[in-house]
Amino acid sequence: MTSLRVLLSRLVNLLRRGRMETDLDRELRFHLQMETDRLLQTGMTPEDARSAALKRFGGLAQTKEIYRATGGLPSIETILQDVHHAARSLRKQPGFTAIAILTLAVGIGANTAIYTVLDATMLRSLPFREPNRLMRISLVTPSRSDVPINDDSVWSYPKYELFRKLQQSFEDTALYRPGTFNLTGADDPELLQGELVSASYFPLLGIRAEIGRTFFPSEDETPGKDFVAVISHSLWVDRFGADPAIAGKTIVLNQRNVQRNYMVVGVMPAGFRALGGPADVWVPVHTDAARQLNEANLHSFEQVARLKPGVSIARAKAEVASLGPRIDDAFPGPAFAKGYGAKARTLDEARVDPLIRTSVLVLFGAVTLVLLIACANLANLLLARGSTRRREIAIRFAVGATKSRIVRYLLTESLLLAGLGAGASLALAYAGVFALNLINPVNGSTVTFGRRLSGLTILGLGSIHLDSRALFFTLAVALVTGVLFGLAPAFAGARTDVNDALKNGSARTSGIASFASKSLLVIAEVSLTMVLLAGAGLTLKSFERLIATRSGVDPENVLTVRVAFQGTRSQQFFDQLDRRVAALPGVLSAGLSDCPVLAGGCSSTSVGFPDRPPVPEDAAPLNIGVHWASPDYFKTMKIPLIRGRWFAASDRADSPKVVIIGETAARRYWPGEDPIGKPIALGCCGFGDKDGAVVIGIVGDVRFGQLDEPPQPDAYVSSLQSLNGMMLFVRAASNPLALTDAVRAEIHALDKDRPVYDVKSMRQRIADSTARARFIAILLPTFAAIAFALAGIGIYGVMSYMVRQRIREIGIRMALGARSQDVRSMVVLRAARLAAAGIVIGLAGALGAARVLGTLLYDVKPSDPRTYLLISALLVVLAALASYLPARRASKVDPCVTLRSE
Amino acid sequence: MSKDKTDVLHGSLALMVLRILETLGPLHGWGIARRIEQMTDNVLELNQGTLYPALLRMEQMGWVSTKWGESENNRRAKFYSITRSGRKQLASEAANWERMAAIIARFVNPGEIS
């Protein structure tokens, strides 16, 4: 009540400020006259009376200042005044201001840009109802010697059903599994990414259909009974012309080579992205064949659940972990398939691939360091500037400014600078975000249907943009920055000794103390830069090793095209396809295989050796990657034949089964033997124990997984003897993408209902597979370079300042006979000593930070001594270079001039 | 600069001003300052200037009201008079002060502690 009244009265005063001033003047004049009159009556002379009255009054100016502070709104009024003064003083020194704003723009801009990535991948809440109550429930695979434990594995339908029945923590749970659907009809065939989901999926996420409805529980109970579908907003618009009466219409979908009519029951709202990534069609889980749903050891579904109100995340996690063994016990199976556990994690924990999370956090750490270095530089600049402004500040003190007022004024100046820097940083951040989208680490994996990054990364990324959240972040950073680099100089300013400053005028006295604080800032800068350089050096070295790693194929001028496998007469189709494409002009050769290199997610199966004693039932099966390749595939990809022979056109379905193996498989499964001619049994594709398959050739290893994973044992079967999803590889004479239309036409001439998709050059695929590594290998060195430049500027600034401060001393030294080269080396050595101190401190920090980087590095140890040696040398050279100009200036000092001038 | 000093004075200064205005009626700033000096026998070294921000503050709190008028020697002067809420404030401040003084007295006079 009272404070409101005070505020109102202050506001009124603010509006009639002029009136308040004249009133105050009149009142004080009256007071002084009365006092003077009184003193005159005691017999003083008029002059004495007047000055005694003033003395008894105390400082007139101070009184007015305090009076104004009480009467007006100090926060608004003096801030406006301070901003006005600060702006004027910044305008007076355009060079200083430009450097400061530029430094800040770079520092803050980099932060904002990386913040947008952080926000998109980790911070922004997921677009579902109460997303913090959603959890992802995974199976944990049994521990085995040859395969690492996967604690984020998928469910089988029977295990899911049991879990759903036993659990107490969740309101509801839902299943989903990605799948591809071939949509045929009047228009061109289209391959759609979709999901098979349980009826609980949409209600659990809190998503309602925009048109129509989602699935009834009754439509998800009996296998192969109800064929209903929900489609995406974009499919509805693009394919069905936003038909308002779409619900109830029939579409034709082919899934797993089964073609059926589905009734559309609903359309999703625009922008809805499924948990498994972008999708255009959803069908109930029970549209799947019964055998997919009854097999307890057929794991393919992901599970999401919503916590009951009042149940804590910790309790749910504990319950899920305890249910794991109970579910495992409930299903019989071979010993190697036993020992599953279960694990729950929040959707937020699961949303981003751990490697991407680490990358983004490392980068965020890096830009924070850059900003800190920028702050150190600015603090340095302001301190140096402060010592030339002591007179101005002393005068402000003398006319009645309080200490807090001076601090406030100097801070206003820093904040104004920070604000201007933040404004300029937005342009940089905008460019940065644009560039980030170009090297988006998940670009590569959003389209490859075969494999995705673990986690729900796709939900967030792809939408990196500057929005109000980013602007708010920029503002907050500017504020913190302004205070951070402004506080020390402001307090240094407020400590100004009025008498001393006014008497001397020059900046001589505060020299030693402030040089010490400046030296500390330089040491801090160098050590922070060291941390960044170490990260950059290790990352670059790792990336260099990564791209030098050979995938095992020659990617030059190869076009890769996926062709839908769903369709009729597939064997004839594929038998003819590569021959017809190979005959196109500009094509050197063409081959088929089911899986591109470096994409992960290729098939694998068990491998057995019919000529050896049978292994015990309970032993874990040996694994081998299996690939379906046409005879010309190896030639097209230039995979070398080490021994034996290629597939031939004569190896057909009715001739003996033949297998080609990779070198790693030969070494691992036939150590010290010649595999050629040996029998082999594969757990798939009609190459079992009794089929009498024989190894006919050994080829060079190919990395089908990732570039940073060693090659795995691989086996190839001929696509003429067995068939799986197929991909076309075309080696062109020149630019492979130019062949796209011709190849597409050739495919459609053979079968007009077969969608062609995911057309890319092999080079592009390899680039995609290194996207994450490249993301950090570009950004970290960029930030390190910025830090390096800032540190150089910082050293230069401090050394110039030192030379200016000690110009007298240098003059005396030279008068006493020091040679200019002695002076030069004195300055340079001084800088080198500061750098050395920074390097030593930075080394400790860098070694710590590199440990965090560890999981992102390929073939480089975080403590790689050569990297540290190199960057230490770089920093010493930087210090020498940055101090050379000031050193030269010092050596040109004319003793006569400097000694005379003071 | 002299902020610490005025801060300490604020509480007791308001009490003095209010009491003076209550007994003497409307008075201008100089009159109040003189009266304080007389009542304290010039023992309290008051910077007369500090009075004015205090008066402004009291006006904002609604304890005093102001009016321009003619002084005893026919000059324009700003007159301060105590308001109703000023009287209330004075009563509670005075009671406070007495209670406080009594407590302090017990410490100053150690014989009475037991």
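Remember, predicted model here, so these are calculated numbers, not experimental data. All residue numbers here refer to positions counted from 1 along the written sequence of the relevant chain. Here the convention is simple: chains get letters from A, ligands get numbers from 1, in the order in which they are written. Predicted model: local features are reported for residues with pLDDT of at least 70 only, side-chain atom pairs are reported and counted for 80 or more only, and whole-chain, interface and lining totals are derived from all residues. Side-chain calculation: all heavy atoms of the structure are included, whereas hydrogens and water are not.

1. Focus on the overall build of chain B
Consideration 1: In this description a helix means any DSSP run of H or I spanning at least four residues, a strand means any run of E spanning at least two, and both kinds are numbered starting from the N terminus. If you tally the helices and strands in chain B, you get four helices and three strands.
Consideration 2: Scanning chain B from its N terminus toward the C terminus, one meets helices and strands in the order α-β-α-α-β-β-α.
Consideration 3: Throughout, exposure labels follow a simple rule: accessible area from a 1.4 Å probe, protein chains only, divided by the maximum for the residue type, with under 20% read as buried, over 50% as exposed, and the rest as partly exposed. Within chain B, buried positions represent 43% of all 114 residues.
Consideration 4: Taking the contacts inside chain B whose residues are at least 6 apart along the sequence as the reference set, 48% of them involve residues at least 24 apart. Residue contacts are defined here by distance: any two heavy atoms, one from each residue, within 4.5 Å place the two residues in contact.

2. With respect to the overall build of chain A
Consideration 1: Per the secondary structure count, chain A includes 30 helices and 21 strands.
Consideration 2: A radius of gyration in this sense is built from C-alpha atoms; the matching globule rule multiplies 2.2 Å by the number of residues raised to 0.38. Taken over the C-alpha trace, chain A has a radius of gyration of 37 Å; the compact-globule value for 902 residues is 29 Å, which it surpasses by more than 25%.
Consideration 3: Expressed along its principal axes, the backbone C-alpha trace of chain A runs to roughly 135 × 75 × 55 Å.
Consideration 4: Among the 902 residues that make up chain A, the fraction classed as buried is 51%.
Consideration 5: Put simply, of all contacts in chain A between residues at least 6 apart along the chain, 80% involve residues at least 24 apart.
Consideration 6: Surface summary for chain A: the accessible area is close to 39,700 Å², and the carbon and sulfur share equals 59%.
Consideration 7: Between the centroid of the 102 positive side chains of chain A and the centroid of its 79 negative side chains there is a distance of 10 Å. Note on areas: these come from Shrake-Rupley sampling with a 1.4 Å probe, and a residue is covered only by the protein chains present in the view. Charged residues are defined here as Lys and Arg on the positive side and Asp and Glu on the negative side; His and the ends of the chain fall outside this count. Charge positions are represented by NZ for Lys, CZ for Arg, CG for Asp and CD for Glu.

3. Here's the deal with a nonpolar patch on the surface
All names here are of chain A.
Consideration 1: Only residues whose relative accessible area exceeds 30% and that form no salt bridge enter a patch; like-charged residues are grouped when within 9 Å of one another, and nonpolar side chains (Val, Leu, Ile, Met, Phe, Trp, Tyr) when within 5 Å. For salt bridges, the criterion is a side-chain nitrogen of Lys or Arg within 4 Å of an Asp or Glu carboxyl oxygen. A surface patch of nonpolar side chains, amounting to about 650 Å² of accessible area, comprises Leu372, Leu415, Leu479, Val480, Val483, Leu484, Leu487 and Phe491.
Consideration 2: Broken down by element, the nonpolar patch gets its largest block of residues, six residues, from helix α18 (residues 468–494).
Consideration 3: Structurally, Val483 can be placed in helix α18.

4. Brief notes about the nonpolar core
Residues and elements named next belong to chain A.
Consideration 1: Only buried residues count toward a nonpolar core, which is a set of Ala, Val, Leu, Ile, Met, Phe, Trp, Tyr and Cys residues joined through side-chain atoms within 4.5 Å. Leu417, Phe485, Phe783 and Ile795 are the most contacted members of the largest nonpolar core, which totals 91 residues.
Consideration 2: Element by element, the count of residues in this core is highest for helix α13 (residues 354–388), at 17 residues.
Consideration 3: Beyond its immediate stretch of four places on either side in the chain, Ile795 contacts Val522, Val526, Ala831, Leu878, Ala879 and Ala882.

5. A short note on the sheet that holds strand β1 (residues 27–28) of chain B
All names here are of chain B.
Consideration 1: Any two strands with at least two DSSP-identified bridges between them are counted as paired. Taking strand neighbours across the sheet as the criterion, the three strands line up as β1-β3-β2 in an open arrangement whose pairing is antiparallel. Of all strands in the sheet, those with a lone pairing partner are β1 and β2 (64–70), marking the two edges.
Consideration 2: Pairing of β1 with strand β3 (residues 76–82) involves two bridges; the strand directions are antiparallel. What sits directly across from His28, in β3, is Phe79.
Consideration 3: In this description, a line fitted to the C-alpha atoms serves as the axis of each element, helices being fitted only across the stretch in contact, and the angle between N-to-C directions of two axes falls anywhere from 0 to 180 degrees. Here helix α3 (residues 51–61) sits on the sheet in contact with β2 and β3, set at roughly 120° to β2.

6. Quick word on the pairing of strand β11 (residues 558–563) of chain A
All names here are of chain A.
Consideration 1: Within β11, six of the six residues are buried, leaving the element largely enclosed by the surrounding structure.
Consideration 2: Taking every second residue as pointing to the same face, both faces of β11 are buried, with Val558, Thr560 and Arg562 on one and Leu559, Val561 and Val563 on the other.
Consideration 3: Across six bridges, the pairing between β11 and strand β20 (residues 726–732) is antiparallel. In the strand pairing of β20, Leu559 is matched with Val730.

7. Details of the state of the cysteines
All names here are of chain A.
Consideration 1: Only a pair of cysteine sulfur atoms within 2.5 Å qualifies as a disulfide here. Enumeration over the complete set of coordinates arrives at one disulfide over all chains.
Consideration 2: The partner cysteine of Cys684 in its disulfide is Cys685, sulfur to sulfur 2.2 Å. As the torsion about the S-S bond is roughly 45°, the Cys684-Cys685 disulfide counts as right-handed.
Consideration 3: Accessibility expressed as a relative area gives 19% for Cys684, which makes it buried.

8. Digging into the pattern of salt bridges
Consideration 1: Scanning the entire structure with this criterion turns up 36 salt bridges over all chains.
Consideration 2: For the salt bridge of Lys343(A) with Asp151(A), the shortest nitrogen-to-oxygen distance reads 3.1 Å. You can see Lys343(A) sitting in strand β10 (residues 341–346) and its partner Asp151(A) sitting in the loop between β1 (134–140) and α7 (157–166), a full 192 residues away along the chain.
Consideration 3: On the accessibility criterion, Lys343(A) (32% relative accessible area) is partly exposed.
Consideration 4: Through salt bridges that share partners, Glu35(A), Arg38(A), Arg56(A), Arg34(B) and Glu37(B) make up one connected network.

9. Points about the interface of chain A and chain B
Consideration 1: If you look at the interface, chain A gives 29 residues, while chain B gives 27 residues.
Consideration 2: Once two parts are brought into contact, the accessible area they lose, counted with a 1.4 Å probe and summed over both, makes up the buried area. In total, about 2,700 Å² of surface goes out of reach between chain A and chain B, with carbon and sulfur atoms giving 58% of it.
Consideration 3: Broken down residue by residue, the surface that chain A buries against chain B is led by Glu27(A), Phe30(A) and Met34(A), which jointly contribute 23%.
Consideration 4: Taken together, the links from chain A to chain B amount to three salt bridges.
Consideration 5: Asp37(A) serves as the salt-bridge partner of Arg75(B), at 3.0 Å between the closest nitrogen and oxygen.

10. Re the packing of helix α28 (residues 820–853) of chain A against helix α29 (residues 865–891) of chain A
Each pair of packed helices gets described by two things: the angle between the helix axes and the distance between those axes.
All names here are of chain A.
Consideration 1: Between α28 and α29, the shortest axis-to-axis distance is 8 Å and the interhelical angle comes to 150°. Put simply, α28 runs roughly antiparallel to α29. Crossing angle aside, the handedness with which α28 passes α29 is right-handed. Note on angle classes: values under 35 degrees are labelled roughly parallel, values over 145 roughly antiparallel, values of 65 to 115 roughly perpendicular, and the remainder oblique. The crossing is said to be left-handed when, going from far helix to near helix, the turn is anticlockwise and less than a right angle, and right-handed when the turn is clockwise.

11. Here's the deal with the environment of Leu13(B)
Residue and element names in this part refer to chain B.
Consideration 1: Among the secondary structure elements, Leu13 is positioned in helix α1 (residues 3–24).
Consideration 2: In the structure, Leu13 is positioned 37 residues away from Thr50 in sequence and 9.7 Å away in space, judged by C-alpha atoms.
Consideration 3: Aside from chain neighbours lying at most four places away, what touches Leu13 is Ile36, Leu46, Thr50, Leu51 and Ala54.

12. Quick notes on the packing of α13(A) against helix α26 (residues 771–805) of chain A
Residue and element names in this part refer to chain A.
Consideration 1: Where α13 meets α26, the closest approach of the two axes is 10 Å, and the angle between their N-to-C directions is 15°. One element, α13, and the other, α26, form an angle in the roughly parallel class. Classified by chirality, the crossing of α26 by α13 is left-handed.
Consideration 2: The residue classification treats Ala, Val, Leu, Ile, Met, Phe, Trp, Tyr, Cys and Pro as nonpolar and Asp, Glu, Lys and Arg as charged. All others, Gly included, are polar. For the contact of α13 with α26, the per-class residue count stands at 22 nonpolar, five polar and one charged.

13. Some details on the packing of aromatic side chains
Residue and element names in this part refer to chain A.
Consideration 1: Aromatic pairing here means that ring centres of Phe, Tyr or Trp (its six-membered ring) are within 6.5 Å. Orientation follows from the plane angle: under 30 degrees is stacked, over 60 is edge-to-face, and everything else is tilted. Evaluation of the coordinates by the stated rule reveals 22 aromatic pairs over all chains.
Consideration 2: For the ring pair Trp155 and Phe163, a centre distance of 5.3 Å and an interplane angle of 55° mean the geometry is tilted. For the pair formed by Trp155 and Phe163, the shared burial category is buried.
Consideration 3: Every member of this aromatic cluster is reached through a ring pair, and the members are Tyr633, Phe634, Trp646, Phe647, Phe704, Tyr716 and Phe729.
Consideration 4: Sitting above the plane of the Tyr340 ring, Lys159 keeps its charged end 4.1 Å from the centroid.
Consideration 5: Remark: a charge is flagged as sitting over a ring if the NZ atom of Lys or the CZ atom of Arg is within 6 Å of the ring centre and within 35 degrees of the ring normal. Its guanidinium or amino end placed over the ring of Phe573, Arg754 lies 4.2 Å from that ring's centre, counting from NZ or CZ.

14. Remarks on the confidence of the model for chain A
Consideration 1: Values of pLDDT, ranging from 0 to 100, describe the predictor's confidence in every residue of the model. On average, residues of chain A score 85 in pLDDT, and 91% of them reach the 70 mark or higher.
Consideration 2: The low-confidence segment residues 505–510 of chain A, where pLDDT is below 50, has 11 contacts with residues more than four positions distant or belonging to other chains.

15. Some points on helix α14 (residues 390–398) of chain A
Consideration 1: Taken together, the buried positions of α14(A) are occupied by Arg390(A), Ile393(A), Ala394(A), Arg396(A) and Phe397(A). Projected onto a plane normal to the axis of α14(A), the buried residues spread over an arc of 160° and lie on a single side. Each C-beta atom gives one direction from the helix axis, and the arc is the one those directions make.

16. So, the pairing of strand β5 (residues 228–231) of chain A
Looking down a regular strand, the side chains alternate between one sheet face and the other.
Residues and elements named next belong to chain A.
Consideration 1: Here β5 shows no split at all, with Val228 and Val230 on one side and Ala229 and Ile231 on the other all buried.
Consideration 2: Where β5 lies against strand β7 (residues 258–267), four bridges are found, and the strand directions are parallel. Within β7, the residue paired with Val230 across the bridge is Gly266.

17. Regarding the environment of Ile373(A)
All names here are of chain A.
Consideration 1: Looking at the secondary structure, you find Ile373 in helix α13.
Consideration 2: On a C-alpha basis, the gap between Ile373 and Leu790 in space is 6.9 Å, while along the polypeptide they are 417 residues apart.
Consideration 3: If we skip the residues at most four places from it in the chain, Ile373 touches Glu525, Leu528, Thr529, Leu532, Ala787, Leu790 and Ala791.

18. A look at the side chain of Asp328(A)
Residue and element names in this part refer to chain A.
Consideration 1: Checked against the element boundaries, Asp328 lands in helix α11 (residues 313–330).
Consideration 2: Overall, the relative accessible area of 8% leaves Asp328 in the buried class.
Consideration 3: Excluding residues within four positions of it along the chain, Asp328 makes contact with Ala337, Lys338, Gly339 and Tyr340.

19. Re empty space enclosed by the protein
Consideration 1: Cavity: a set of points on a 1 Å grid over the protein atoms alone where a 1.4 Å probe fits but cannot get out. Pocket: an open set with protein on both sides within 12 Å along at least five of seven lines, its lining residues, like those of a cavity, having an atom within 4 Å of a point. Grid points are joined across faces, edges and corners, and a volume is the space filled by probe spheres set on the points. Per the counting criterion, the structure on display carries two cavities of 30 Å³ or more.
Consideration 2: Taken as a whole, the second largest cavity encloses approximately 40 Å³ of empty space.
Consideration 3: Grouping the constituent residues of the lining of the second largest cavity by class yields three nonpolar, one polar and three charged.

20. Focus: unusual backbone geometry
All names here are of chain A.
Consideration 1: One non-glycine residue, Asn557, lies in the positive phi region at around 60°.
Consideration 2: With respect to the helices and strands, the residue Asn557 is situated in the loop between α20 (511–548) and β11.
Consideration 3: The phi angle at Lys638 is positive, at roughly 55°, despite the residue not being glycine.
Consideration 4: When you line up the elements, Lys638 lands in the loop between α22 (633–637) and β15 (641–644).
Consideration 5: Given the relative accessible area of 49%, Lys638 is considered partly exposed.

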